[in-house]
Amino acid sequence: MKILVINGPNLNMLGIREPEIYGSATYDDLLDTVRRGADGLGMEVDFFQSNHEGALVDEIQRAYGVYDGIVINPAAYTHTSVALLDAIKAVGIPAVEVHISDVREREDFRQVSYVRKGCIGTVMGEGFDGYVHALRILKEHMEG
Ligand code: DQA
């Protein structure tokens, strides 16, 4: 099972940005956590991070025919991007939405998620482990 893990804007700043919300571990630490989790589940993972909406759309399109699943933390684009939702629906690859923080407990403008409508599941508020939880959801989905 080949999984593409996509991270949106400002997630490359993990460890620096708002540590009281996102913690002090870095983006590289996140990749280590996900790699270890994927190994344990027997899944193969590749990573992509961009601060640009169009680059994220391009990457989702590139995943077509290459990956069996997508784990996506669209970050701020969660709350604004119909383009990301359309891209996920266009490729038809099972996708799980992840948020490090529990967005339900945060500002009103974070209560909308466009991508959620194209995802088979959502994980939030579990920190970096949430990405591994998302891998498990994909694995269970694929194994039927
Ligand atoms: C986030 C939550 C979003 O609201 C925010 O814009 C992010 C990160 C999270 O992982 O908790 O950048 O997706």
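For the structure itself, look to the data block above.
Description of the structure in this document. (Residues numbered from 1 in each chain as written. Predicted model: local features only at pLDDT ≥ 70, side-chain atom pairs only at ≥ 80, totals over all residues. Heavy atoms only, no water.)

## Quick look at the nonpolar core
Put simply, the rule is: Only buried residues count toward a nonpolar core, which is a set of Ala, Val, Leu, Ile, Met, Phe, Trp, Tyr and Cys residues joined through side-chain atoms within 4.5 Å. For every residue, the accessible area (1.4 Å probe, protein chains only) is compared with the maximum for its type, and the residue is labelled buried under 20%, exposed over 50%, or partly exposed between those bounds. Secondary structure counts use DSSP, requiring at least four H or I residues in a row for a helix and at least two E residues in a row for a strand, with both numbered from the N terminus. When checking whether two residues touch, look at their non-hydrogen atoms; a contact exists if any pair is within 4.5 Å.
In this structure, Ile-3, Val-71, Tyr-131 and Leu-135 are the most contacted members of the largest nonpolar core, which totals 25 residues. At the level of secondary structure, the elements contributing two or more residues to this core comprise β1 (2–7), α2 (27–41), β4 (95–99) and α5 (129–142). Take this core: its biggest share by element is six residues, from α2. Sequence-distant contacts of Ile-3, that is, excluding residues within four places in its chain, are made with Met-43, Glu-44, Val-45, Asp-46, Tyr-67, Gly-69, Ile-70, Val-71, Leu-135, Leu-138 and Met-142. One finds Ile-6, Ile-70, Val-91 and Val-115 within the second-largest nonpolar core, a separate group that totals 18 residues.

## Some words on helix α3 (residues 53–62)
Heads up, the rule is: The arc in question is the one spanned by the directions pointing from the helix axis to the C-beta atoms.
Listed in full, the buried residues belonging to α3 are Leu-56, Val-57, Glu-59 and Ile-60. Seen end-on, α3 carries its buried residues on one side only, within an arc spanning 160°. Counted as exposed and oriented over 90 degrees from the buried face of α3: Asp-58 and Gln-61. For α3, the secondary structure elements touched by its buried residues are β1, β2 (44–49), β3 (69–73) and α4 (82–91).

## Things to note about the site of the ligand
Worth spelling out the cut-off: Near, as used in this document, describes a residue that has one of its heavy atoms within 4 Å of the molecule or strand being considered. Polar contact is defined as a pair of N or O atoms within 3.5 Å, subject to the rule that within protein one atom must be able to donate a hydrogen and the other to accept it, and that residues adjacent in sequence are counted only when both atoms are side-chain atoms. Any residue outside Ala, Val, Leu, Ile, Met, Phe, Trp, Tyr, Cys, Pro, Asp, Glu, Lys and Arg is labelled polar, Gly included; the first ten of those are nonpolar and the last four are charged.
Arg-17, Tyr-22, Asn-73, Ala-75, Ala-76, His-79, His-99, Ile-100, Ser-101, Val-103, Arg-106 and Arg-110 make up every residue found near the ligand. Contacts to the ligand include Ala-76, whose backbone N or O atom sits 3.2 Å from an oxygen atom. In the environment of the ligand, an oxygen atom lies 2.7 Å from a nitrogen or oxygen atom belonging to the side chain of His-79. When the residues that make up the shell around the ligand are grouped by side-chain class, the tally is five nonpolar, four polar and three charged.

## Some thoughts on the sheet that holds β2
Let me state the cut-off plainly: In this scheme, strands are said to pair when DSSP sees at least two bridges between them. All axes are obtained by fitting lines to C-alpha atoms, using only the stretch in contact for helices, and the reported angles, taken between N-to-C directions, cover 0 to 180 degrees.
The strand order across the open sheet formed by five strands is β2-β1-β3-β4-β5, and the pairing between neighbours is parallel. Whereas interior strands pair on both sides, the edge strands pair on one side only; in this sheet they are β2 and β5 (121–124). Neighbour-to-neighbour, the strand axes of the sheet open up by a mean angle of 20°, direction not taken into account. Bridge count between β1 and β3: five bridges; the pairing is parallel. By the bridge assignment, Asn-7 is partnered in β3 with Asn-73. Sitting on the sheet, α3 is in contact with β1, β2 and β3, with an inclination near 175° to β1. Contacts from α5 reach β1, β2, β3, β4 and β5, with the element oriented near 150° to β3.

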